[in-house]
Amino acid sequence: MDIYYVDGKFVKEDDAVISVKDMSVLRGYGVFDFLRTYGGKPFHLEDHIKRLENSARLIGIHVPCSNVEIADIVMRTLAENNHEESNIRLVITGGISPDSITPTNTSKLMVMVTELHPLPPEWYTKGVKIITSDVVRYMPGAKSTTYLQAIVVLNNARDQGAIESIYVDQNNRLLEGTTTNLFMFFGDKLVTPKGGILPGITRQVLLDIFKDEFEIEIRDIDKNEIGNADEAFISASNKEIVPVVKINDLTIGDGKIGPKVRRVTEVFTAYTTEYGRSAG
Ligand SMILES: Cc1ncc(COP(=O)(O)O)c(C=O)c1O
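Parameters and conventions
Residues numbered from 1 in each chain as written. Predicted model: local features only at pLDDT ≥ 70, side-chain atom pairs only at ≥ 80, totals over all residues. Heavy atoms only, no water. Pairing = 2+ DSSP bridges. Helix = DSSP H or I, 4+ residues; strand = E, 2+ residues; numbered from the N terminus. Domains from an automatic or database assignment. Contact = heavy atoms within 4.5 Å. Buried area = accessible area lost by both parts, 1.4 Å probe. Salt bridge = Lys/Arg side-chain N within 4 Å of Asp/Glu carboxyl O. Polar contact = N/O pair within 3.5 Å; in protein donor to acceptor, adjacent residues only side chain to side chain. Right-handed = clockwise from strand over helix to strand, strands pointing away. Buried < 20%, exposed > 50% of the residue type's maximum accessible area, 1.4 Å probe, protein only. Near = heavy atom within 4 Å. Areas by Shrake-Rupley, 256 points an atom, 1.4 Å probe, with all protein chains shown as cover. Axes fitted to C-alpha atoms, helices over the stretch in contact; angles between N-to-C directions. Parallel < 35°, antiparallel > 145°, perpendicular 65-115°, else oblique. Nonpolar A, V, L, I, M, F, W, Y, C, P; charged D, E, K, R; others polar.

Judged by pairing direction, the sheet is antiparallel, and its six strands sit side by side in the order β2-β1-β6-β5-β3-β4 without closing on themselves. Two strands close off the open sheet at either side, each with one partner strand: β2 (9-12) and β4 (41-42). By the bridge criterion, seven bridges tie strand β5 (residues 86-93) to strand β6 (residues 109-115) in an arrangement that is antiparallel. Of the residues in β6, the one forming a bridge with Leu 90 is Val 111.

For the protein chain, the assigned domains are domain 1 (3-115) and domain 2 (121-276). Listed by partner, the interface residues are 24 residues for domain 1 and 21 residues for domain 2. Sorting the residues of domain 1 by area buried against domain 2 places Phe 32, Tyr 38 and Arg 51 first, and these three jointly supply 32% of that buried surface. Our count for the domain 1 to domain 2 interface comes out at one salt bridge. The closest approach of N and O atoms between Arg 36 and Glu 240, which form a salt bridge, is 3.5 Å. Summed over the shared surface of domain 1 and domain 2, the result is 10 residue pairs in polar contact (both at pLDDT 80 or more). The set of elements that each furnish at least two residues to the side of domain 1 that touches domain 2 consists of β3 (30-38), β4 and α2 (45-59).

Time to look at the pairing of strand β11 (residues 189-192). With three bridges joining them, strand β10 (residues 181-186) and β11 adopt antiparallel strand pairing. For Phe 185, the partnering residue across the bridge sits in β11 and is Leu 190. Here β11 pairs with strand β12 (residues 215-218) via four bridges, running parallel. Bridge pairing in β12 links Thr 192 to Ile 218. Once you follow β11 into helix α6 (residues 201-209) and on to β12, the crossover reads as right-handed.

It is worth spelling out the pattern of salt bridges at this point. Side-chain pairing between opposite charges can occur once the charged atoms of the two side chains come close. Overall, the coordinates contain 13 salt bridges when judged by the stated rule. Linking Asp 33 and Arg 51 is a salt bridge whose minimum nitrogen-to-oxygen distance equals 2.8 Å. Highlighted residues: Asp 33 in strand β3 and Arg 51 in helix α2, separated in sequence by 18 residues. Arg 51 shares its class with Asp 33; the two are buried.

What follows covers the site of the ligand. As a structural note, the neighbourhood of the ligand is formed by 16 residues, with Lys 143, Tyr 147, Glu 176, Thr 202 and Ser 237 the closest of them. Between Arg 51 and the ligand, the recorded distance is 2.8 Å, taken from a side-chain N or O atom to an oxygen atom. With respect to the ligand, the backbone of Ile 201 contributes an N or O atom lying 2.8 Å from an oxygen atom. Contact with the protein chains covers 95% of the free accessible surface of the ligand, which is 390 Å². Put simply, the parts of the chain that give the shell around the ligand at least two residues each are β9 (173-177) and α6.

For the pair α6 and helix α7 (residues 259-277), interaxial distance at closest approach is 11 Å and the crossing angle is 100 degrees. Compared by their axis directions, α6 and α7 come out roughly perpendicular. Contact residues: α6 offers Thr 202, Val 205, Leu 206 and Ile 209, while α7 offers Val 264, Val 267, Phe 268 and Tyr 271. Residue classes in the contact of α6 with α7 are distributed as seven nonpolar, one polar and no charged.

Pasting the structure below:
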């Protein structure tokens, strides 16, 4: 059984509880972040903790510990468990409020470590279909626990044989997926949406790694540009790089994983492997 950290204590997952009065339960008011390990080492932990802190600041949630303390708690929770590779979920709840709507400084930190399970291999060998949905997230820069829109559009996506849905705003801009960022190749140019998104840590790592290899454009992408894309992929901490071969009814390129997305995957895999091997 996994061991979680909940508000100052390490507990078995079945004994990990918070109050039913917490605003996370009553109002969906909480923030979280999610990362995984490579070689047992949490990938870009400080960046994830900074994003968690920023999410909390944006929606007005009190952070009960310093960033250094959170990093230490993550390392201790990993040590309490003994997985070769782990998923790590950090959650800060909204806390208990006398009128159940006004925040107080009673937020709780939870760190949940679980064993990493591989995703379907055919996603990576054949590529996937994704769809688009006319949905705009409230405060997209915050990773809040409110995933109502995501759950609904992802269910619709699965009904259509797709694994992800990309949000499209009122101006017909492609934004991001429910839990992923979007990248497209137009010729040799690597393009990723600019605004209205959660700044993905994987996205940022990719932008850094490829800054000298590809011409990169961070700009709005109109939905009508999908038909002109030569290759596409989505990125996320748990999914890494997933090649996209179909968006709605439009086939991307020749419907097979293209050479540039293969290259992105290879270089990213080399980066994560090296990250896991390096000390510190
Ligand atoms: C809305 C949204 N966009 C993008 C991402 C990808 O971010 P990251 O690469 O940090 O996992 C996520 C991750 O869950 C997400 O929820």
